[in-house]
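Structural overview for review
Here are the chains, one letter per residue:
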Amino acid sequence: MKSTKKHVVTRACPSLPVVQANPHANKDVVPIEAPIISSYNDRIRPLLDTVDKLRNLNVMREGIQLPTIVVVGDQSSGKSSVLESLAGISLPRGQGICTRVPLVMRLQRSLSPDPEIWLEYNDATVHTDEAHIAEAICAATDVIAGSGKGVSDTPLTLHVKKAGVPDITMVDLPGITRVPVNGQPENIYEQISGMVMKYIEPQESIILNVLSATVDFTTCESIRMSKQVDKTGERTLAVVTKADMAPEGLLQKVTADDVSIGLGYVCVRNRIGEETYEEARIQEELLFKTHPMLSMIDEEIVGIPVLAHKLTQIQGMMISRCLPEIERKINEKMEFSILEFNKLPIVMASTGEALMALMDIIGSAKESLLRFLVQGDFSEYPDDQSMHCTARLAEMLNKFSDNLQSQSEAVSEFLMDEIKILEECKCIGLPNFIPRSSFLAILSQHVDGIQAKPVEFIKEIWDYIEVVISSVIATYSDNFPQIQSSIKRAGRNLMSKTKERSVNRVIEIVEMEKLTDYTCNPDYMTSWTQKTTSQQNFIDAVMHDENKPEKFALHGFGDVKISHLRKYHAHLLQQAFDMKMRITSYWTIVLRRIVDNLALYLQFSVKNLVNSEFQKEIVAEMVDTRGGGGIERMLEESPSVANKREKLKNSIKLLKESKDAVAAIVDQNSGYGDR
């Protein structure tokens, strides 16, 4: 036989008293606690206590979301009325938007018989009492959102500590409205919808969607928004208010579930006029028990006590389910904060400590540069190819070598440069001797044609190395912004001196090639011998060939034009040809020697820069009192680092306390959410 509605409610929430059918009978035995207190379950009390402790620690400041009951609904749907019925306190009520800011209600049980009630907003604390809560909330809202009808996403927190109140947090958000009224901004809908989405989007939020029985649920904006973030409705519980005002068809609405409310519906009758909370609950039970239409609704989904019980159970399961992930996030955040804290420089109290820190910066940067620039170890930057220095330097050297040796001669008729030089360098003497001055003159012309390229190359090399050194200096001095500029300046000065010295050295290397014609490389004689084997055939083709050919096929030169040479004497052509073969054979060796010299000088300079000059230059800059006392400046921690240190210390302390709070309960309640 089906039990009565009164008994069903009592079994669903054992701590609830049996409510009398006669609203006037035995009124003095009705408890004064709010219904949510009566439905408070000792099994989930530790879970709620743990979350409340995390909330007190303000762990959400670290980006860790906590399970929260978020109350949403269209304007005047009865949200605030539902909350005050649940908590047993009076909230602002009236026409239009009653809630204009997020109202965070934090209820905390106290052993003291005297309740403590206060508001927190904008770093201010305002104490009040039960009789003046609504007035205090309105005054605080005016401060936050203005005295008009605008809204603000700055939260207002209401703390209620009194005997018998459970530790639970609910957030009441402004009612959703599309049409601005006088005094409201034109984008009121965008402001409120953005605020609502911010609170209901986290997966840890429990959405308490308040719907008026007087409207079509499918048209409610709050339903549309909640479905955007909770498509299956697994986090959404619907409360149908004003059941007494629109009883027709309510049973079909809540049973058809056209809007997919995963956690189900609860129909309620809110307090009317000056009713006490006790009288309102009695009238609510009578309504759903005696009304011809409303009495048809299942007794397990009607009444504020049922709603209180559902919320408590749902929040308990949500907390149990979320705690392991909350614990993981806390551990992850704490490990990251500790790692960041350990990266901060040690606070130094003496110039001795500062000097040691400076030498550590220089030493670390020096070792890093040695690996990059000398040893070819790029393990610190495996994915940044610009820091694979030995490979990049080798590429630049090879490119320079190829470009230098592919330099083509200026377009001129074959042997004419040599003939002109020989004619200008001739003297009184035997005709079959090549003047040495003529060879040096033609050699000088060749050197002048390429002398800019080695200088450009060495500048490019040091420009690249300067970028590398600047990056390394920035990395290792990052914790000391007060001296970073001095260290960087020392690095720039060092590179400027090195570049200037290197350019001068390269100019000397190139200029030396003009002074003498010497090599011990046997390739010169081998090449010259091979090239001169065709000398007589060449002279014969120019001077004696009856066919007077225009061109002659010469090994290493291709088809060369010779018709313009027939006006010159044979012995001059022999000298010009011989000098052409000599300069061609020797020039190849000169170019290779320049590349070799630059490569060796580069290797030597880079190694010397890292091993010796780098440290000397930076130390000299930092101990130079004219620069403002670099060492002493290290004792002055920059405001940004000091703020970061303090923030990380507070974060680590908060996260450690949070970790201890969660660890004490998570194992005990593992698996509770699956029951």
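Residues numbered from 1 in each chain as written. Predicted model: local features only at pLDDT ≥ 70, side-chain atom pairs only at ≥ 80, totals over all residues. Heavy atoms only, no water.

As recorded in an unreviewed UniProt entry, the chain goes by Dynamin-related protein 4C-like and comes from Camelina sativa.

**Concerning the overall build of the chain**
We count it as follows: Numbered from the N terminus, helices here are DSSP runs of H or I no shorter than four residues, and strands are runs of E no shorter than two. Categorising residues by exposure relies on relative accessible area from a 1.4 Å probe, with only protein chains included: less than 20% of the type maximum marks a residue as buried, more than 50% marks it as exposed, and the intermediate range marks it as partly exposed. Here, two residues are considered to be in contact whenever any of their heavy atoms come within 4.5 Å of each other. Note on areas: Shrake-Rupley with a 1.4 Å probe; residue coverage comes only from the protein chains shown.
Along the backbone of the chain there are 21 helices and eleven strands. In the chain, which comprises 675 residues, the share counted as buried stands at 49%. For the chain, contacts bridging at least 24 residues in sequence account for 79% of all contacts bridging at least 6. Element-wise, carbon and sulfur atoms account for 52% of the exposed surface of the chain, whose accessible area totals about 33,400 Å².

**A few points about the nonpolar core**
Quick note on the threshold: Throughout, nonpolar core names a set of buried Ala, Val, Leu, Ile, Met, Phe, Trp, Tyr and Cys residues whose side chains join them through atoms within 4.5 Å.
Core analysis: the biggest nonpolar cluster contains 85 residues, and Leu373, Ile419, Ile465, Phe538, Leu565 and Phe614 have the highest contact counts within it. Of all the elements, helix 19 (residues 570–623) adds the most residues to this core, at 23 residues. Among the nonpolar cores identified, the runner-up in size contains 59 residues, and Val71, Leu103, Ile144 and Leu307 belong to it.

**Examining the pairing of strand 10 (residues 551–554)**
Put simply, the test is: Two strands qualify as a pair provided that DSSP identifies no fewer than 2 bridges between them.
What you see with strand 10 is a clean split: Phe552 and Leu554 sit on the buried side and Lys551 and Ala553 on the side with no burial. By the bridge criterion, four bridges tie strand 10 to strand 11 (residues 558–561) in an arrangement that is antiparallel. The residue of strand 11 that forms the bridge with Leu554 is Gly558. Where strand 10 folds back onto strand 11 in an antiparallel hairpin, the turn is made up of three residues, including Gly556, whose phi is positive at roughly 90°.

**Here's the deal with the packing of helix 18 (residues 535–543) against helix 19**
If you want to describe how two helices pack, look at the angle between their axes and the distance between the axes. Formally: As a rule, the C-alpha atoms of each element are fitted with a line to give its axis, helices using only the stretch in contact, and angles between N-to-C directions run from 0 to 180 degrees. Oblique is the label for any angle not under 35 degrees, not over 145, and not in the 65 to 115 range, which are roughly parallel, roughly antiparallel and roughly perpendicular in turn. Should the near helix be turned anticlockwise from the far one by less than a right angle, the crossing is left-handed, and should it be turned clockwise, the crossing is right-handed. Side-chain classes are defined by residue name, with Ala, Val, Leu, Ile, Met, Phe, Trp, Tyr, Cys and Pro counting as nonpolar, Asp, Glu, Lys and Arg as charged, and the others, Gly among them, as polar.
Between helix 18 and helix 19, the least distance of the axes is 10 Å, while the angle of their chain directions is 140°. Our classification of the angle between helix 18 and helix 19 gives oblique. Note on packing geometry: the crossing formed by helix 18 with helix 19 is right-handed. Facing helix 18, whose interface residues are Gln535, Gln536, Phe538, Ile539, Val542 and Met543, helix 19 presents Ala570, Leu573, Gln574 and Phe577. Taken together, the residues that form the contact of helix 18 with helix 19 break down as seven nonpolar, three polar and no charged.

**So, the pattern of salt bridges**
This is how the line gets drawn: Here, a salt bridge means any Lys or Arg side-chain nitrogen found within 4 Å of an Asp or Glu carboxyl oxygen.
In this structure the tally under the stated criterion is 24 salt bridges. When the shortest N-O distance is used, the salt bridge between Asp172 and Lys79 registers 3.1 Å. One end of the pair, Asp172, is in strand 6 (residues 168–172); the other, Lys79, is in helix 4 (residues 79–87), with 93 residues separating them in the sequence. For the salt bridge of Lys329 with Glu204, the shortest nitrogen-to-oxygen distance reads 3.8 Å. Remark: Glu204 occurs in the loop between helix 6 (188–200) and strand 7 (205–212) and Lys329 occurs in helix 10 (residues 304–343); sequence separation between them is 125 residues. Overall, Lys329 belongs to the partly exposed group, its relative accessible area being 24%. Take Glu204: its relative accessible area is 11%, and that puts it in the buried class.

**Regarding the environment of Ala663**
Inspection of the secondary structure puts Ala663 in helix 21 (residues 639–666). Its relative accessible area of 37% is what places Ala663 among the partly exposed residues. Along the sequence, Ala663 and Leu323 sit 340 residues apart, while their C-alpha atoms lie 9.3 Å from each other.

**Description of the pairing of strand 8 (residues 236–241)**
Let me state the cut-off plainly: A crossover counts as right-handed when, viewed with the strands pointing away from the observer, the path leading from the first strand over the helix to the second turns clockwise.
Summarising burial for strand 8: six of the six residues are buried, a large majority. Where burial is concerned, the two faces of strand 8 agree: the one with Thr236, Ala238 and Val240 and the one with Leu237, Val239 and Thr241 are both buried. Regarding topology, helix 7 (residues 221–229) serves as the crossover connection from strand 7 to the parallel strand 8, and that connection is right-handed. Bridge count between strand 8 and strand 9 (residues 265–267): three bridges; the pairing is parallel. Counterpart to Val239 in the pairing with strand 9 is Val266. The handedness of the strand 8 to strand 9 crossover, carried by helix 8 (residues 250–256), is right-handed.

**Details of the sheet that holds strand 3 (residues 116–121)**
Taking strand neighbours across the sheet as the criterion, the nine strands line up as 4-3-5-2-6-1-7-8-9 in an open arrangement whose pairing is mixed. Two strands close off the open sheet at either side, each with one partner strand: strand 4 (124–128) and strand 9. Each adjacent strand pair in this sheet contributes to an overall mean axis angle of 20°, direction not counted. Of the strand pairs in this sheet, strand 3 and strand 4 are connected by five bridges, and their pairing is antiparallel. Bridge pairing in strand 4 links Leu119 to Val126.

**Notes on the confidence of the model for the chain**
For clarity, the cut-off: The pLDDT value tells you how sure the predictor is about a given residue, anywhere from 0 up to 100.
Per-residue confidence for the chain gives a mean pLDDT of 82, with 87% of residues at or over 70. Across residues 1–33, confidence stays below pLDDT 50; counting only partners more than four residues off in sequence or on other chains, it has 47 contacts. pLDDT under 50 marks residues 671–675. Its contacts with residues more than four places away, or in other chains, come to eleven contacts.

**A few points about helix 19**
Helical periodicity: at 3.6 residues per turn, an α-helix aligns residues three or four positions apart in one direction. How we decide: The span one expects for a helix is its residue count, reduced by one, times 1.5 Å. Note that bend, as reported per residue, equals the angle between axes fitted to the 7 residues terminating at that residue and the 7 residues originating from it.
Taking 1.5 Å of rise per residue, 54 residues should cover 80 Å, and helix 19 covers 74 Å from first to last C-alpha, within 8% of that figure. Its maximal kink placed at Leu609, helix 19 deviates by approximately 50°.

**Observations regarding the packing of aromatic side chains**
In plain terms, the rule: Two rings from Phe, Tyr or Trp (for Trp, the six-membered ring) form a pair when their centres sit within 6.5 Å of each other. Planes less than 30 degrees apart are called stacked, planes more than 60 degrees apart edge-to-face, and all others tilted.
Enumeration over the complete set of coordinates arrives at nine aromatic pairs. With a centroid separation of 4.4 Å and an interplanar angle of 15°, the aromatic rings of Phe400 and Phe457 are classed as stacked. Placement of the pair is Phe400 in helix 12 (residues 389–405) and Phe457 in helix 15 (residues 452–476), with a sequence separation of 57 residues. Each member of the pair Phe400 and Phe457 is classed as buried. Judged by centre distance (5.6 Å) and plane angle (80°), the ring pair of Phe538 and Phe552 falls under edge-to-face. Taken together, the positions of Phe538 in helix 18 and Phe552 in strand 10 put the pair 14 residues apart, joining distant regions of the chain. For Phe538, a relative accessible area of 0% corresponds to the buried category.

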